[in-house]
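Examination of the molecular architecture
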Amino acid sequence: MVVALFQIIEELKVKKLIGMSLMAAALMMRSAPVVFADFQAGMAASKLGDYVTALREWKPLAEQGHVGAEFNLGVMHHNGQGVARNFEKAVKWYRKAAEQGHVQAQYNLGVMLGKGRGVAQNYEEAAKWYRKAAKQKFAAAQYNLAVKYDKGQGVAQDYKEAAKWYRKAAEQEFADAQSNLGIMYDTGVGVVQNYKKAVKWYRKAAEQGHDQAQLNLGMSYSFGKGVAQSYKEAVNWFRKAAAQGNQQSQYNLGVMYEKGRGVAQDYTEAMKWYRVPAKLGMAFAQNNLAQLYNFGRGVAQDYKEAAKWYRKAAEQGVADAQQNLGYKYDMGQGVLHDEVMAYMWYNLAGANGSKMGAENRAIIESSMTSRQVAEAQRLAMECMKKNYKECGR
């Protein structure tokens, strides 16, 4: 099973850029060459990594209300450059610059308020400062404001407003916004569902190297949504995302190799791609890896390894894995034969929607004593309460 993942990217981090206000500072300070020279001296020092000198040049300017120096002091306190890291002081200087209309300071102040760093967390205030920066066409702020509307943090949840601000940022080639706008068109949230437009925005972000967009573009090709179906193109985009560590794409590549879709069928390659996300805890990858060990595809048949990986997936609630682990106990393959444990896992699988699990539970029950059945049912109840972890006897 190829897994689709429509995942809204969260808020971005603080922009940690020193000196981005240089042009504005130059325009403001033409009538004050000495002040401008001091600011420039601080810039030159910061570029050399001499933050102590930069601080010495900028602090007096910031105390006189120089907006660029205020912003840069905020960044220095945020990063611990030339001073001990101090989020409270970073917020102080960001606020001073933000109140003078410095767009990056407005954005950074929004981030600090949203994360509760150096100030009490306040989504409403964060949205306020994002909006100010967004109105100045700062793409990262437009994106974060969209996220606020998307999640209903600090503003009333409004998917149409979210789509509006994602679009503004997306039109500035902001990859995260392009990806999220694609998701909105794909799912019909905040906009009229339109798979072709979803593909358009996925592609724009994917071509910038955005792994989530690459995954979703691959999914569009795999299912033929908004574009002609092409397993070969799906594999191409899954591979690009997988190379960046995208677990869903790694899993999907495993499926494509196992099924021979868009690539020659190759169980060894399938195992290679399943193993990476399986080790990181992805339940479906764990179950599929177990299947390859179980049938000896791409690897020597090994029931013990199969049971090990079925168990990992079963403990995450995957019904097929629970059924398969029950079968291992039923047959004594890779584990000791145990009808009570087999019944327990069949029972759990059936409860989670596995028709085969329910059928096998009925079959094995006919060979068990009433005491064994009662014990298996008790263990199943305990297992559910423990969220499938450390189950059995």
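Residues numbered from 1 in each chain as written. Predicted model: local features only at pLDDT ≥ 70, side-chain atom pairs only at ≥ 80, totals over all residues. Heavy atoms only, no water.

Attention shifts here to the overall build of the chain. Secondary structure summary: the chain contains 21 helices and zero strands in total. In terms of overall size, the chain is more extended than a compact globule, its C-alpha atoms giving a radius of gyration of 28 Å where 393 residues would be expected to give roughly 21 Å. Here the C-alpha coordinates of the chain stretch approximately 95 × 45 × 40 Å along the principal axes. Here the chain holds 393 residues, and the buried ones make up 49% of them. When contacts within the chain are restricted to residue pairs at least 6 apart in sequence, long-range pairs at least 24 apart make up 52% of them. For the chain, the computed accessible surface area is about 18100 Å², with 50% contributed by carbon and sulfur atoms. (Helix = DSSP H or I, 4+ residues; strand = E, 2+ residues; numbered from the N terminus. Rg over C-alpha atoms; globule rule 2.2 N^0.38 Å. Buried < 20%, exposed > 50% of the residue type's maximum accessible area, 1.4 Å probe, protein only. Contact = heavy atoms within 4.5 Å. Areas by Shrake-Rupley, 256 points an atom, 1.4 Å probe, with all protein chains shown as cover.)

What follows concerns the packing of aromatic side chains. Evaluation of the coordinates by the stated rule reveals eight aromatic pairs. Centre to centre, the rings of F39 and W58 are 5.9 Å apart; their planes meet at 40°, and the pair counts as tilted. In this pair, F39 is assigned in helix α2 (residues 33-47) and W58 in helix α3 (residues 51-63), connecting sequence segments 19 residues apart. A relative accessible area of 0% means that W58 is categorised as buried. Centre to centre, the rings of Y143 and F174 are 5.5 Å apart; their planes meet at 35°, and the pair counts as tilted. Note that Y143 is positioned in helix α8 (residues 139-151) and F174 in the loop between α9 (159-170) and α10 (175-187), a separation of 31 residues in sequence. (Phe/Tyr/Trp six-rings, centres within 6.5 Å; stacked < 30°, edge-to-face > 60°.)

A separate point is the packing of helix α16 (residues 283-295) against helix α17 (residues 303-314). Contact geometry for α16 and α17: axes closest at 8 Å, N-to-C directions at 165°. On the basis of the axis angle, α16 is roughly antiparallel to α17. Considering only the axes of α16 and α17, their crossing is left-handed. Here α16 contributes A283, Q286, N287, L289, A290, Q291, Y293 and N294 to the contact with α17, which in turn contributes Y303, E305, A306, W309, Y310, K312 and A313. A per-class count over the contact of α16 with α17 returns nine nonpolar, four polar and two charged. (Axes fitted to C-alpha atoms, helices over the stretch in contact; angles between N-to-C directions. Parallel < 35°, antiparallel > 145°, perpendicular 65-115°, else oblique. Left-handed = near helix turned anticlockwise from the far one by under 90°. Nonpolar A, V, L, I, M, F, W, Y, C, P; charged D, E, K, R; others polar.)

A word on a positive patch on the surface. There is a patch of like positive charges on the surface, built from K59, K89, K92 and K96. When residues in the positive patch are grouped by element, the largest group, three residues, is from helix α5 (residues 87-99). Note that K96 resides in helix α5. (Patch = residues over 30% accessible without salt bridge, like charges linked within 9 Å, V, L, I, M, F, W, Y side chains within 5 Å. Salt bridge = Lys/Arg side-chain N within 4 Å of Asp/Glu carboxyl O. Lys, Arg positive; Asp, Glu negative; His and termini not counted. Charge placed at Lys NZ, Arg CZ, Asp CG, Glu CD.)

Further remarks concern the environment of K240. Within the element layout of this structure, K240 appears in helix α13 (residues 231-242). Note on K240: relative accessible area 38%, which makes it partly exposed.

With 13 residues, helix α15 (residues 267-279) extends 18 Å from end C-alpha to end C-alpha; this agrees with the ideal 18 Å at 1.5 Å per step. Listed in full, the buried residues belonging to α15 are A270, M271, W273, Y274, P277 and A278. Packing partners of the buried residues in α15 comprise α13, α14 (247-259), α16 and α17. At the C-terminal side of α15, G281 shows a positive phi close to 100°. (Expected span 1.5 Å × (residues − 1).)

Right, let's talk about unusual backbone geometry for a bit. The phi dihedral of N387 is positive, around 60°, even though this residue is not glycine. Following the sequence through the fold, N387 ends up in the segment after α21 (370-385). With relative accessibility at 48%, the residue N387 sits in the partly exposed group.

Moving on, we get to the nonpolar core. Within the largest apolar cluster, 106 residues are counted, with the highest numbers of intra-cluster contacts made by Y107, Y166, M344 and W345. The next biggest cluster of nonpolar side chains, apart from the first, holds 13 residues, and it includes A54, L61, A62 and V83. (Core = buried A, V, L, I, M, F, W, Y, C linked by side-chain atoms within 4.5 Å.)

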